[in-house]
Amino acid sequence: MSISSSHLSLKDGKKTSRSRAVRDKLDYPVIDTDLHTIEFAPILEEYIAKYGGAKYVDEFRQAINRGFGYLSNEWYELTPEQRAAQRSVRPPWWALPTKNTLDLATVSLPRLLHERLGESGTDYAVLFPNVSTFATHVGKEDLRRVLIRAVNAYHADVYRPYADRLTPVAAIPLHTPEEGVEELEFAVRELGLKVALIPGNLRRPIRAVAEKYPSRHHPDVARHANWLDTFGVDSEHNYDPFWAKAVELKIVLTTHSAGMGWTSRSSFSSYMYNHIGHFASASEALAKSLFFSGVTRRFPDLRVGFLEGGAAWGATLFADLVGHWEKRNGRAVQNYNPDLIDAKLLYALYQQYGGQEVEARLGDINAVLGGALGVSNNSRRQPQDPAALDDFGAAGIERIEDIRDRYVPNFYFGSEADDPTIAYAFNTKVNPLGVQLNAFWASDSGHWDVPDLTEVLADTWSLVERGALTEANFRDLVFTHPYNFFAGKNPGFFAGTAVEQKLPKSKAA
């Protein structure tokens, strides 16, 4: 296929965007799995008032002004000296398109977005409204539940007339599995939403510290003395009822949580230092948690999409899982069991090769064992439960193919339009067992890293022109993988949409 980079004239005198020119040459639909939208505040606040009353409108305004999580606005209120002293994490300056006012309006107005979607080369888009991505991290329970119920109802209503090309995600809280199940039921059965957005992690107080330094008396301590719950490994809750409900409702889960503010991403002076890699970091934490805790083993039909972090981390994690399992699975970990040291052989080798300085201090055979294990490792020579030594036990991994079967089908990786590392997902010569990972196209339109939404598909097509992707890879990225993610367990997902209309022109997914 040859796509000209020049704009083509339409009959109405407008120019065809480069992205539309790419799409017009395709015999399959293009599905964008991550397009960001902005709420119209006056109407959203009416929904908040409906579900909670005027009190919660005021609380929402206060919370928005403070910011959520890594987007806290506290940094702007501090002096440079206070920022350094408090190690306040620098958030972004404007995160939205502004100079390109047409794009700003487009992601704010559903009818305009519906009209212009084709200019981005897209037939159908899954929408991630900005407040929805924040709402699941609101700590105050009553505000969180009112806000989530309101944003889900608001988006279901305002985008319903444009359902042939647009579908918004449902924000689903996971502070407890029960709260998640309740909102998922409402969003799917009552509102008819088809995609769920869950937090990738939640900060929880460290109990021992919280008991000693109660948050009401020591707010600064409480702010920092927390741990990350990723809903699997070491969680204080059993989230199986939630995963089971998602499978029952045939709804896919997506996550768009951030890793800004974590250890190496907590600069008080550089937003770029904090931003680069943070989505991938948060996504990896959730994927590892679901894998190692056996969630993908117990729920093989569960599908989770990780947005905006790219696919390179997914390929690296898959290779790491295989490599680590080969060295430290339940059987191989015995290679490092200190009880299996051949003490006589070790002693003899120290005698033969240690030299005069070692020989003068050699002592008996037990002293040699202590020296060979090293000062730091000696403290680890304690009796262990053999079952607890197999970190892959809960995942039920007995062979490399089990890793593939409990990782590859379950996880999908959202890659932005201009991300060249998407090629890693398709590199079957490098990925263990020759697998291709499920990378799907996620334009991220509506945020600062997309200065012109009409360029996104053309940006991705340039990877084909450069030889980083084949045309088959491109088709999988923009159609096959997103189609399988959304419709694989829910065949009716695209009924009545522009995707269904174009399917007869394409090969089967």
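Please refer to the structure placed before this passage.
Residues numbered from 1 in each chain as written. Predicted model: local features only at pLDDT ≥ 70, side-chain atom pairs only at ≥ 80, totals over all residues. Heavy atoms only, no water.

A closer look at the packing of aromatic side chains
Tallied over the entire structure, the rule returns 28 aromatic pairs. Plain terms: the ring middles of Y271 and W448 are 6.4 Å apart, the flat faces sit at 70° to each other, and that makes the pair edge-to-face. A residue pair is termed long-range when its members are at least 10 positions apart, and Y271 in helix α14 (residues 271-275) and W448 in the loop between β13 (438-441) and α23 (456-465) qualify at 177 residues. The exposure class of W448 is partly exposed, given its relative accessible area of 34%. Ring-pair connections join several aromatic residues into one group, and the members of that group are Y28, Y124, Y412, F440, F479, Y483, F485, F486, F493 and F494. Over the aromatic face of F493 sits the side chain of K194, whose NZ or CZ is 4.3 Å from the ring centroid. (Phe/Tyr/Trp six-rings, centres within 6.5 Å; stacked < 30°, edge-to-face > 60°. Helix = DSSP H or I, 4+ residues; strand = E, 2+ residues; numbered from the N terminus. Buried < 20%, exposed > 50% of the residue type's maximum accessible area, 1.4 Å probe, protein only. Lys NZ or Arg CZ within 6 Å of the ring centre and 35° of its normal.)

Focus on the side chain of D402
By secondary structure assignment, the location of D402 is in helix α22 (residues 400-405). Of note is the side chain of D402, whose polar atom sits 2.8 Å from the backbone nitrogen of E398. Sequence-distant contacts of D402, that is, excluding residues within four places in its chain, are made with G396 and I397. (Polar contact = N/O pair within 3.5 Å; in protein donor to acceptor, adjacent residues only side chain to side chain. Contact = heavy atoms within 4.5 Å.)

A word on the sheet that holds strand β12 (residues 411-415)
Taken in spatial order, the six strands make up an open sheet running β6-β7-β10-β11-β12-β13, and their pairing is parallel. For this open sheet the edge positions go to β6 (170-171) and β13, each flanked by a neighbour on one side alone. In this structure, strand β7 (residues 195-198) lies alongside strand β10 (residues 252-255), joined through four bridges in parallel fashion. By the bridge assignment for β10, L197 is matched with T254. Across the sheet, helix α24 (residues 471-487) touches β7, β10, β11 (304-306), β12 and β13, and the angle it forms with β13 is around 110°. (Pairing = 2+ DSSP bridges. Axes fitted to C-alpha atoms, helices over the stretch in contact; angles between N-to-C directions.)

So, unusual backbone geometry
With phi around 55°, K250 is a residue other than glycine that occupies positive phi space. Tracing the chain through its elements places K250 in the loop between α13 (240-249) and β10. A positive phi angle, near 60°, is found at L433, a position not held by glycine.

Concerning the nonpolar core
The biggest cluster of nonpolar side chains holds 111 residues, and the ones touching the most others in it are W243 and Y407. In terms of residue count, the dominant contributor to this core is helix α9 (residues 141-159) (nine residues). The contact partners of Y407, leaving out residues within four places of it in the chain, are W313, G314, L317, F318, L321, F413 and L437. (Core = buried A, V, L, I, M, F, W, Y, C linked by side-chain atoms within 4.5 Å.)

Things to note about the packing of α23 against α24
Packed helices, taken two at a time, are described by their axes: the angle between them and the distance between them. Contact pair α23 / α24: the axes reach a minimum separation of 9 Å and the direction vectors enclose 150°. When the interaxial angle is binned, α23 and α24 end up roughly antiparallel. For the crossing formed where α23 meets α24, the hand is right-handed. When α23 is examined against α24, the residues L457, T460, W461 and V464 are found in contact with a partner set consisting of E471, F474, L477 and V478. Residue composition of the contact of α23 with α24, by class: six nonpolar, one polar and one charged. (Parallel < 35°, antiparallel > 145°, perpendicular 65-115°, else oblique. Left-handed = near helix turned anticlockwise from the far one by under 90°. Nonpolar A, V, L, I, M, F, W, Y, C, P; charged D, E, K, R; others polar.)

Section: the side chain of S267
Mapped onto the secondary structure, S267 falls in the loop between β10 and α14. The class of S267 is buried, set by a relative accessible area of 12%. Here the side chain of S267 touches S269 through a polar contact of 3.0 Å, landing on its backbone nitrogen. Not counting residues up to four positions away in its chain, the partners in contact with S267 are S88, V89, R90, Y273 and N274.

Quick notes on the sheet that holds strand β3 (residues 31-37)
As summarised here, the arrangement of the three strands in space is β3-β4-β5, forming an open sheet in which the pairing is parallel. Since the sheet does not close on itself, it has two edges, and those belong to β3 and β5 (166-168), each with one partner. Taking the axes of each pair of neighbouring strands and ignoring which way they run, one obtains an average angle of 30° across the sheet. In this structure, strand β4 (residues 124-129) lies alongside β5, joined through three bridges in parallel fashion. Paired with V126 across the strands is T167, a residue of β5.

Remarks on a nonpolar patch on the surface
Taken together, the side chains of Y76, W93 and W94 define a hydrophobic patch exposed on the protein surface, amounting to about 450 Å² of accessible area. Tracing the chain through its elements places Y76 in helix α4 (residues 74-77). (Patch = residues over 30% accessible without salt bridge, like charges linked within 9 Å, V, L, I, M, F, W, Y side chains within 5 Å. Areas by Shrake-Rupley, 256 points an atom, 1.4 Å probe, with all protein chains shown as cover. Salt bridge = Lys/Arg side-chain N within 4 Å of Asp/Glu carboxyl O.)

As for the pattern of salt bridges
One pass over the full model with this rule turns up 29 salt bridges. A salt bridge links E45 to R61; the nearest nitrogen and oxygen atoms lie 2.7 Å apart. Of the two residues, E45 sits in helix α2 (residues 41-52) while R61 sits in helix α3 (residues 54-66), which places them 16 residues apart along the sequence. On the basis of relative accessibility, which here comes to 41%, the residue R61 falls in the partly exposed class. With a shortest N-O distance of 3.0 Å, E236 and R207 are connected by a salt bridge. On the criterion of sequence distance, the pair formed by E236 in the loop between β9 (226-229) and α13 and R207 in helix α11 (residues 207-212) is long-range, its members being 29 residues apart.

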